[in-house]
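What follows is the residue order along each chain.
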Amino acid sequence: MPIAGNRTLVAEGQQALAVFRALDSETRLSMLSLLSHSPMNVSELTAAMQLPHSTVNFNLKLLESAGLLEVQYMPGTRGRQKLISKRYEEILIKVPGAAVTAQPNVVEISMPIGNYRRSEVVPTCGLATETKLIGLIDDPRSFFEPEHVFAQIIWFRHGSLGYDFPNNLPHGAEASELEISLELCSEAPEHDLEWPSDITVWVNQIELGTWTSPADFGGTRGKLTPLWWPINHSQYGVLKRFRISREGTFIDGRKSSAVTIDALNLGDQHQIQVTVGVKDGARHQGGVNIFGRRFGNTEQDVLMRLWYEFKEGERPYIIK
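Computed from a predicted structure; not experimentally measured.

What counts and what doesn't
Residues numbered from 1 in each chain as written. Predicted model: local features only at pLDDT ≥ 70, side-chain atom pairs only at ≥ 80, totals over all residues. Heavy atoms only, no water. Buried < 20%, exposed > 50% of the residue type's maximum accessible area, 1.4 Å probe, protein only. Helix = DSSP H or I, 4+ residues; strand = E, 2+ residues; numbered from the N terminus. Arc of directions from axis to C-beta. Polar contact = N/O pair within 3.5 Å; in protein donor to acceptor, adjacent residues only side chain to side chain. Phe/Tyr/Trp six-rings, centres within 6.5 Å; stacked < 30°, edge-to-face > 60°. Axes fitted to C-alpha atoms, helices over the stretch in contact; angles between N-to-C directions. Parallel < 35°, antiparallel > 145°, perpendicular 65-115°, else oblique. Left-handed = near helix turned anticlockwise from the far one by under 90°. Contact = heavy atoms within 4.5 Å. Nonpolar A, V, L, I, M, F, W, Y, C, P; charged D, E, K, R; others polar. Core = buried A, V, L, I, M, F, W, Y, C linked by side-chain atoms within 4.5 Å. pLDDT = per-residue confidence, 0-100. Lys, Arg positive; Asp, Glu negative; His and termini not counted. Salt bridge = Lys/Arg side-chain N within 4 Å of Asp/Glu carboxyl O. Pairing = 2+ DSSP bridges. Disulfide = S-S within 2.5 Å.

(A) The arrangement of helix α2 (residues 26-34) in detail. Listed in full, the buried residues belonging to α2 are Arg 28, Met 31 and Leu 32. In an axial view of α2, the angular spread of the buried residues amounts to 100°, which keeps them on one side of the axis. Two or three places before Thr 27, at the start of α2, stands the capping residue Ser 25, its side-chain oxygen 3.2 Å from that residue's backbone nitrogen.

Written as structure tokens, this is what we have:
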């Protein structure tokens, strides 16, 4: 996505891979350099590069598919001509992984949905980036493909996925609340607007609660769901918030149990394990869809917020 004003491309996931491939060529880098001065048509580029017409077209196609070129069709002496210009002046690559931000007394960590560490799923199952499927549908082995870190939608009928968040609780601080939010829905064949599923979230093996999803939402395209994804498949979910505090555990503000945050033992852990799945004995075993920031209706991944406070009289340890 470009940043307004300075023609900067911020690339991540599959788009970053396409950009890397497009730039991995002296020929294509030379083309971008020529296009920095003014737009050119294919004939002008062919003459300037002193390359065959077919070679120039091949390399232009790779640059265009990576989103690096602006192409316009203008009237010419013999019909329309293809006028090509460079779209961006600079490119920033976002490395996959958790994004951490900190504010006074709260740490926020965004975990890409494909960055799970544990996978125990049962078909129907699968995963996809914003541009293509990963591996084979209904094959749990696909969840171990290297590309799984780029997933933007993940689905399975039964089982669980586990994420490991860094425990960024400051030294000397005590956790007061922890919240996990993510976009979820049931998993039915294609989609089904009457397909309940009991979806559970655990933190450090402690159950935060179970939400009964009413449906696998499809038939109407999600706000962020790419156009190549079939409209009769799962399109979007519901953003759910699972929270644990000193008063108990809550789902969207409604109390689900009396278990408090002390049960998580966060002070003794280097990481915080978050698990999403469907229990073996669940009444409604209708599976789960998890939506990333480029699928569904909400532009976010698995988001963890951790609130903390220092004991009276204690100060945070600061390195000078």
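(B) Region of interest: the packing of aromatic side chains. One pass over the structure, following the stated rule, counts seven aromatic pairs. Relative to Tyr 163, the ring of Tyr 116 lies with its centre 6.5 Å away and its plane at 85°, an arrangement referred to as edge-to-face. Within this pair, whereas Tyr 116 is found in the loop between β8 (106-111) and β9 (118-128), its partner Tyr 163 is found in strand β10 (residues 153-166), the two being separated by 47 residues in sequence. By the burial criterion, Tyr 116 is buried, and Tyr 163 matches it. Taken together, a centroid distance of 5.7 Å and an interplanar angle of 65° make the contact between Trp 155 and Trp 229 edge-to-face. One end of the pair, Trp 155, is in strand β10; the other, Trp 229, is in the loop between β14 (217-218) and β15 (234-236), and 74 residues separate them in sequence. Residue Trp 229 is classed as buried on the basis of its relative accessible area of 4%. These aromatic residues form a ring-pair network of at least three members: Trp 155, Trp 228, Trp 229 and Phe 295.

(C) Fine view of the packing of helix α3 (residues 42-49) against helix α4 (residues 53-65). The N-to-C vectors of α3 and α4 enclose an angle of 110°; their axes lie 9 Å apart at closest approach. Classified by the angle their axes make, α3 and α4 are roughly perpendicular. Of the two possible hands of crossing, α3 and α4 adopt the one that is right-handed. Residues Val 42, Leu 45 and Thr 46 of α3 form the contact with α4, whose participating residues are His 53, Val 56, Asn 57 and Leu 60. Classifying every residue of the contact of α3 with α4 by side-chain character gives four nonpolar, three polar and no charged.

(D) The arrangement of the nonpolar core in detail. Within the largest apolar cluster, 43 residues are counted, with the highest numbers of intra-cluster contacts made by Ile 154, Tyr 163, Leu 178 and Ile 290. Among the elements that line this core, the one with the most residues is strand β11 (residues 173-185), at six residues. When sequence neighbours within four positions are dropped, the list of residues in contact with Leu 178 reads Val 203, Phe 242, Arg 243, Ile 244, Ile 261, Leu 264, Leu 266, Ile 272, Met 304, Arg 305, Leu 306 and Trp 307.

(E) Representation of the confidence of the model for the protein chain. For the protein chain, per-residue confidence averages 89 on the pLDDT scale, and 92% of positions sit at 70 or higher. Every residue in residues 1-5 is under pLDDT 50, and counting partners more than four places away or in other chains gives eight contacts.

(F) Here's a closer look at the side chain of Asp 301. Mapped onto the elements of the fold, Asp 301 is located in the loop between β20 (288-291) and β21 (302-310). Arg 293 provides the closest opposite charge to the buried, salt-bridge-free Asp 301, at an N-O distance of 4.1 Å. Here the side chain of Asp 301 touches Arg 293 through a polar contact of 3.2 Å, landing on its backbone nitrogen. Apart from residues lying up to four places away in sequence, Asp 301 is in contact with Ser 110, Met 111, Pro 112, Ile 113, Gln 152, Ser 181, Leu 182, Gly 292 and Arg 293.

(G) Broad picture of the pairing of β20. Along β20, one buried face is formed by Val 288 and Ile 290 and the opposite face, lined by Asn 289 and Phe 291, is buried too. As judged from the four bridges shared by β10 and β20, these two strands associate in the antiparallel manner. By the bridge assignment for β20, Phe 156 is matched with Val 288.

(H) Structural context of the state of the cysteines. Counting across every chain of the model gives zero disulfides. Summary of cysteine pairing: Cys 185 is not part of a disulfide, and the nearest cysteine sulfur, belonging to Cys 125, is at 15 Å. A residue is classified by how much of its surface remains accessible, and Cys 185, at 0% relative accessible area, is buried.

(I) Looking closely at the pairing of strand β16 (residues 238-245). For β11 and β16, the ladder comprises eight bridges, and the chain directions are antiparallel. Among the inter-strand pairings, Leu 184 is bridged to a residue of β16, identified as Val 238. Where β16 lies against strand β17 (residues 248-251), four bridges are found, and the strand directions are antiparallel. Pairing of Phe 242 across the sheet is with Ile 251, part of β17. Taking the residues that link successive antiparallel strands as the turn, the β16-β17 hairpin has two residues.

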